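# Architecture at a glance
Listed below are the residues making up each chain.
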Amino acid sequence: MARDGLPLFLTELPAGADQIVLSGPEGRHAATVTRLRVGERLLLADGRGEVAKAEVISVTKDELRAVLRERVREAEPALRVTMAQALLKGDRAELAVDQAVEVGVDALVPWRAARCVARWDSGPRGAKALERWRSTARSAAKQARRSWLPPVHEPTTTAGLAERVRSAALALVLHESADARLTSVDLPASGELLLVVGPEGGIDDAELAALTEAGARPVLLGDTVLRASTAGVAALAALWARSGRW
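Residues numbered from 1 in each chain as written. Predicted model: local features only at pLDDT ≥ 70, side-chain atom pairs only at ≥ 80, totals over all residues. Heavy atoms only, no water.

Before going further, it helps to examine the side chain of Glu 94. Within the element layout of this structure, Glu 94 appears in helix H2 (residues 91–103). Since its relative accessible area comes to 19%, Glu 94 is described here as buried. Not counting chain neighbours up to four residues away, the residues in contact with Glu 94 comprise Arg 132, Trp 133 and Thr 136. (Helix = DSSP H or I, 4+ residues; strand = E, 2+ residues; numbered from the N terminus. Buried < 20%, exposed > 50% of the residue type's maximum accessible area, 1.4 Å probe, protein only. Contact = heavy atoms within 4.5 Å.)

Right, here's the structure in full:
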């Protein structure tokens, strides 16, 4: 479905309905921030592949009512990329998540790497940090007009990440010691591709050994050194160009 530059809002799309009331935070945002008015169009998506074009027929302060003009279900890509992003400090974390979701990552896993400066505990502070990642992913998905909302999974340790490597169709670790370039690796046609992005301090030798022993392949992006918040989105762009998604 052509997006036509229309704003997108995430909501449930009841089966068989020809009208919908957009309420709650999404409704308030549409009515008071985006300032949609009667006769204007918008996109509605359920975050699981279904997207609809709709036309506003009434607006109040906190919600709007729209008639659904067109509905389609968009399939997941055959090759799905999950990015394991090492925890980053401050705004760098949200920047990495925002950029990855905008360019099309299919899922995100926060990774508690050994050299991470940021530390997520298992209590309220860790839960708050995870919620910031999820909120950033949601906003970025809406900005990019995505019908699929990428999940942000619970944070994982290196041992947990190694288990994910074993179940992936292909796992790639961005690392400066790699001999192979990302652009030279043969990509699978389907399944999960796990992309591992380390922290600012780099992936330590024990972590790299654990991931490669589990089946991951170290790869190099290029000759320059990118920040941890930039490396992921650069790698995704290279993958999309090679996979045909772009």
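Past the structure itself, the notes keep going.
With that settled, the discussion passes to the domain arrangement of the chain. Taken domain by domain, the chain consists of domain 1 (8–73) and domain 2 (79–242). Computed from C-alpha atoms alone, the centre-to-centre distance between domain 1 and domain 2 is 32 Å. With eleven residues of domain 1 at the contact, the number on the domain 2 side is seven residues. Between domain 1 and domain 2, the buried area comes to about 790 Å², and carbon and sulfur atoms account for 60% of it. Among the residues of domain 1 in contact with domain 2, Leu 8, Leu 10 and Gly 47 are the three that bury the most area, contributing 59% of the side total. (Domains from an automatic or database assignment. Buried area = accessible area lost by both parts, 1.4 Å probe.)

With 13 residues, H2 extends 18 Å between its outermost C-alpha atoms, agreeing within 8% with the 18 Å of an ideal straight helix rising 1.5 Å per residue. Those residues of H2 that sit buried are Ala 93, Glu 94, Ala 96, Val 97, Ala 100, Val 101 and Val 103. Once H2 ends, the next one or two residues include Gly 104, with phi positive near 120°. (Expected span 1.5 Å × (residues − 1).)

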